[in-house]
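The lines below spell out each chain.
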Amino acid sequence: MSEALARANIYTEEDYYNLPENVRAELIDGQLYYMSAPSRIHQEILNFMNTEINIYLRSKKGPCKVYPAPFAVKLFSEDDKNVVEPDISVICDPNKLTDRGCTGAPDWITEIVSPGNSSHDYVRKLNLYMDAGVKEYWIVNPTNHSVYVYFLEADKFQTTAYTLQDKIRANIYDDLWIDFTELGL
């Protein structure tokens, strides 16, 4: 009986896609994590970064695309217990794109921290993204005005800390800089 009860709490990709349309959640290790509506400053940062990245990618005319949330990312193709919705996903392999979103690790993910879920981005997702092979992961924290840039080298992330007053280069590109001073925060 206890095994059946424990199994009842494990969710799958099918459960994730069957959530009501107005419910935002992520599926991590078989658990659903519900997300609240983002704050205004969260959306300002998201819009700013997405615009800067999109302008850069369009100018390069390459295969990379940027997708803001909500955008489903199934990190592991053979795993039906992990579907996340990063705030920003940059995918350079068009074969990873599906009608539902992305299957496989994006090249670059950015998460903008919400006050109630910081450990979710700093611990749970950091480890998940590293295991999936995400090359670059940025955590932007509007509350303490920090930006942590994690760049995957070999099998671990190298970390550099910045503030929202810095101009930061994306490691996966030689000439893409995000100048956070333009936000005026």
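For the structure, see preceding data.
Being a predicted model, the structure only gives us computed values, none of them experimental.

**As for the sheet that holds strand S8 (residues 108-112)**
Sheet architecture is open: 6 strands sit in the order S3-S5-S8-S9-S10-S11, paired in mixed fashion. Of all strands in the sheet, those bounded by a partner on one side alone are strand S3 (65-68) and strand S11 (156-163). The mean angle between the axes of side-by-side strands here comes to 15 degrees, regardless of whether they run parallel or antiparallel.

**Quick word on the pairing of strand S5 (residues 88-91)**
Residues Ile88 and Val90 point to one face of S5 and Ser89 and Ile91 to the other, with burial holding for every one of them. Direction of pairing for S3 relative to S5: antiparallel, over a ladder of 4 bridges. By the bridge assignment, Tyr67 is partnered in S5 with Ser89. In the sheet, S5 pairs with S8 via 3 bridges, with the strands oriented antiparallel.

**Let's talk about the state of the cysteines**
All chains considered together, the criterion is met by 1 disulfide. A sulfur-sulfur separation of 2.0 Å characterises the disulfide bridge that pairs Cys64 with Cys92. Disulfide Cys64 to Cys92: torsion about the S-S bond roughly 105 degrees, handedness right-handed. With Cys64 in the loop between helix H3 (40-60) and S3 and Cys92 in the loop between S5 and strand S6 (97-98), this residue pair connects regions lying 28 residues apart in the sequence. Accessibility expressed as a relative area gives 13% for Cys64, which makes it buried. For Cys92, a relative accessible area of 18% translates into the label buried. The thiol of Cys102 is unpaired, and the distance to the nearest cysteine sulfur, on Cys92, comes to 10 Å.

Calculation notes
- Residues numbered from 1 in each chain as written.
- Predicted model: local features only at pLDDT ≥ 70, side-chain atom pairs only at ≥ 80, totals over all residues.
- Heavy atoms only, no water.
- Pairing = 2+ DSSP bridges.
- Helix = DSSP H or I, 4+ residues; strand = E, 2+ residues; numbered from the N terminus.
- Axes fitted to C-alpha atoms, helices over the stretch in contact; angles between N-to-C directions.
- Buried < 20%, exposed > 50% of the residue type's maximum accessible area, 1.4 Å probe, protein only.
- Disulfide = S-S within 2.5 Å.

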